[in-house]
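Observations on chain architecture
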Amino acid sequence: MLWIILVIILLIVAATLLLFRLEDLSHLDQDDYPVRQGKPSDANREVLGRIRELGQSSKGLRGKARLVALRKHMDGLSEGLTLASEIRYCESPRGEWVLAPGCDTRRRILYIHGGAWAAGSPRSHRAITDRLSQIAGAAVFAVDYRLMPENRFMDGVRDCRGAYTWLLKHGPDGPEPADFMMVAGDSAGGSHTLALLAWIRDKGLRQADAAIAFSPSTDLTLTAPSNRNNIGTDPLLGPAFGGLSKIPLPVIWWATLAAFRVSPTSPIASPLRGNLRNLPPTLIQASDTEMLLDNARRYAARAEAAGSPVTLHTWHSMVHVWQIFVPLLPEAEEAFDDIRQFLEQVESGTAAKAPA
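Remember, it's a predicted structure, so these values are computed and weren't measured experimentally. (Residues numbered from 1 in each chain as written. Predicted model: local features only at pLDDT ≥ 70, side-chain atom pairs only at ≥ 80, totals over all residues. Heavy atoms only, no water.)

Digging into the pattern of salt bridges
Between side chains of opposite charge, a pair can form when the charged atoms approach closely. Evaluation of the coordinates by the stated rule reveals 22 salt bridges. Residues D144 and R94 are paired through a salt bridge, measuring 3.5 Å at the closest nitrogen-oxygen approach. Residue D144 is located in the loop between strand 5 (138-143) and helix 5 (153-167), and its partner R94 is located in strand 3 (residues 94-99); the two are separated by 50 residues in the primary sequence. For D144, a relative accessible area of 25% translates into the label partly exposed. With a shortest N-O distance of 3.1 Å, D219 and R273 are connected by a salt bridge. Of the two residues, D219 is situated in the loop between strand 9 (210-214) and helix 7 (226-229) and R273 in the loop between helix 9 (249-260) and strand 10 (282-287); the sequence distance between them amounts to 54 residues. Both residues of the pair, D219 and R273, count as buried. One salt-bridge network, in which partners are shared between bridges, spans R106, R108, E176 and D179. (Salt bridge = Lys/Arg side-chain N within 4 Å of Asp/Glu carboxyl O. Helix = DSSP H or I, 4+ residues; strand = E, 2+ residues; numbered from the N terminus. Buried < 20%, exposed > 50% of the residue type's maximum accessible area, 1.4 Å probe, protein only.)

Below is the structure:
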């Protein structure tokens, strides 16, 4: 009986090594990215209070009831906001247009929301999409991609790909070619954003002129140091995902494969592990205290080594995707000023570009 157990263990180990062949990326952790210093503003205390409310909204609930509560709370983030933009719903592809006054409909931004691929919506992220439409003078399309667990991970990926392809030829008023294209997203949506850029390149489609990723999840293998080291300093992701640090990584990899039906080593789910050559100018913003910090650092370092113009700007002691708390949080205003400067550089031709 013992030998049978040993054989099974050896087979599992062999299968793990064969299926999840990981390139060691620890050398990327040596890159030193500067952090914007300064004490968090007083408004940050209110933001932390809202984060606690998010945790309380699903406390004691399990399974579907917990997910429903989380989704409802996230959608409530847009309640009470004064939006400058007009909101127009779209059925195919599913999503909503966010149109700031006077925006140029030939300038388009595809926005891909975060929420761990299981929550979030165009509604929950209107603070971001409204501000992006204003500062870019562009029509923002927030895609309402299919979420897990009702749908497969790849269903959401296909929705994002389809939305980008559609936006190349369609604006809010009907068929119209795009003069300027940008892709942006946060957290899980930031991962979709970065993976989408590589897919666009490989398909030979017109590449985005620029991209923005807020605190992106770039690697589902969870091998970056901050995935564990920053659990105690991340008030949003720490309580939600900190428990994973107690589980052996190979177990997490198998569970991810079962849930996503995509290997955590696949560039579709972990864009860090794909080909990062010939990508458009990309701005990444992250916080030095969040769990996904090193995911952003590793991606920026590897993209730079591949010759792609990816820039990482890091804030001190901000919550994960703090940009969603604009205009309440001064640091969120700073982040959008940073984006405005980035776009000015892209359009003036002073931003770095990937070699042809």
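Now that the structure is up, let's keep going.
Brief notes about the environment of S317
Checked against the element boundaries, S317 lands in the loop between strand 11 (310-315) and helix 11 (330-348). Residues S317 and K39 lie 278 residues apart in sequence; the distance between their C-alpha atoms is 8.2 Å.

Brief notes about the nonpolar core
L110, F141, Y164 and Y299 are the most contacted members of the largest nonpolar core, which has 45 residues in total. Here this core takes six residues from helix 10 (residues 293-305), the largest share from any one element. Once you skip the residues sitting within four places of it in the chain, Y299 turns out to touch L194, T218, P271, L272, L276, L279, I284 and V310. The next biggest cluster of nonpolar side chains, apart from the first, holds 36 residues, and it includes V47, Y111, M182 and M318. (Core = buried A, V, L, I, M, F, W, Y, C linked by side-chain atoms within 4.5 Å. Contact = heavy atoms within 4.5 Å.)

With respect to helix 9
Taking 1.5 Å as the rise per residue, helix 9 with 12 residues should run 16 Å; its terminal C-alpha atoms sit 16 Å apart, in good agreement. Residues of helix 9 that are buried include every one of I252, W253, T256 and F260, and no others. For helix 9, the angular spread of buried residues about the axis comes to 100°, placing them on one side. Positive phi shows up at R261, right after helix 9, with a value of about 60°. (Expected span 1.5 Å × (residues − 1). Arc of directions from axis to C-beta.)

A look at the sheet that holds strand 3
Strand pairing in a sheet relies on backbone hydrogen bonds. The paired strands run either parallel or antiparallel. Within the open sheet, the nine strands sit side by side as 1-11-10-9-8-4-5-3-2. Their pairing is mixed. With partners counted over all chains shown, the strands left at the sheet margins are strand 1 (35-36) and strand 2 (86-91), one partner each. As defined by bridge partners, strand 9 adjoins strand 10 across four bridges and the pair is classed as parallel. Across the sheet, residue A213 finds its bridge partner in strand 10, namely I284. Each of strand 2, strand 3, strand 4 (104-112), strand 5 and strand 8 (180-186) touches helix 5; the most contacted strand, strand 4, lies at about 175° to it. (Pairing = 2+ DSSP bridges. Axes fitted to C-alpha atoms, helices over the stretch in contact; angles between N-to-C directions.)

Some thoughts on the packing of aromatic side chains
Tallied over the full model, the rule gives eight aromatic pairs. Where W97 meets F141, the ring centres are 5.2 Å apart and the plane angle is 65°; that geometry is what we call edge-to-face. Of this pair, W97 sits in strand 3 while F141 sits in strand 5; the two residues are 44 residues apart in sequence, bridging distant segments of the chain. Accessibility assignment for this pair places W97 and F141 in one class, buried. Taken together, a centroid distance of 5.2 Å and an interplanar angle of 50° make the contact between W315 and W322 tilted. Neither residue differs from the other here; W315 and W322 are each classed as buried. Feature note: the residues W97, F141 and W166 constitute an aromatic cluster, connected by ring pairs. Taking NZ or CZ as reference, R107 lies 4.5 Å from the ring centre of F180, over its face. We note R131 situated over the ring of F336; from NZ or CZ to the ring centre the distance is 5.8 Å. (Phe/Tyr/Trp six-rings, centres within 6.5 Å; stacked < 30°, edge-to-face > 60°. Lys NZ or Arg CZ within 6 Å of the ring centre and 35° of its normal.)

Here we look at the packing of helix 5 against helix 6 (residues 188-203)
As a packed pair, helix 5 and helix 6 sit with axes 10 Å apart at the nearest point and diverge in direction by 60°. Looking at the two axes, helix 5 sits oblique to helix 6. Between helix 5 and helix 6 lies a crossing whose hand is right-handed. For the pair helix 5 and helix 6, contact is made by F153, G156, V157, C160, R161, Y164 and T165 and by H192, L196, W199 and I200, respectively. Tallied by class, residues from the contact of helix 5 with helix 6 come to seven nonpolar, three polar and one charged. (Parallel < 35°, antiparallel > 145°, perpendicular 65-115°, else oblique. Left-handed = near helix turned anticlockwise from the far one by under 90°. Nonpolar A, V, L, I, M, F, W, Y, C, P; charged D, E, K, R; others polar.)

Some remarks on the pairing of strand 9
The element strand 9 is largely enclosed, with a buried count of five among its five residues. By the alternation rule, side chains of strand 9 split into A210, I212 and F214 and A211 and A213, which are all buried. Of the strand pairs in this sheet, strand 8 and strand 9 are connected by five bridges, and their pairing is parallel. Each residue of the ladder has a partner; that of A184, found in strand 9, is I212.

On their own, these measurements won't tell you what the molecule is for.
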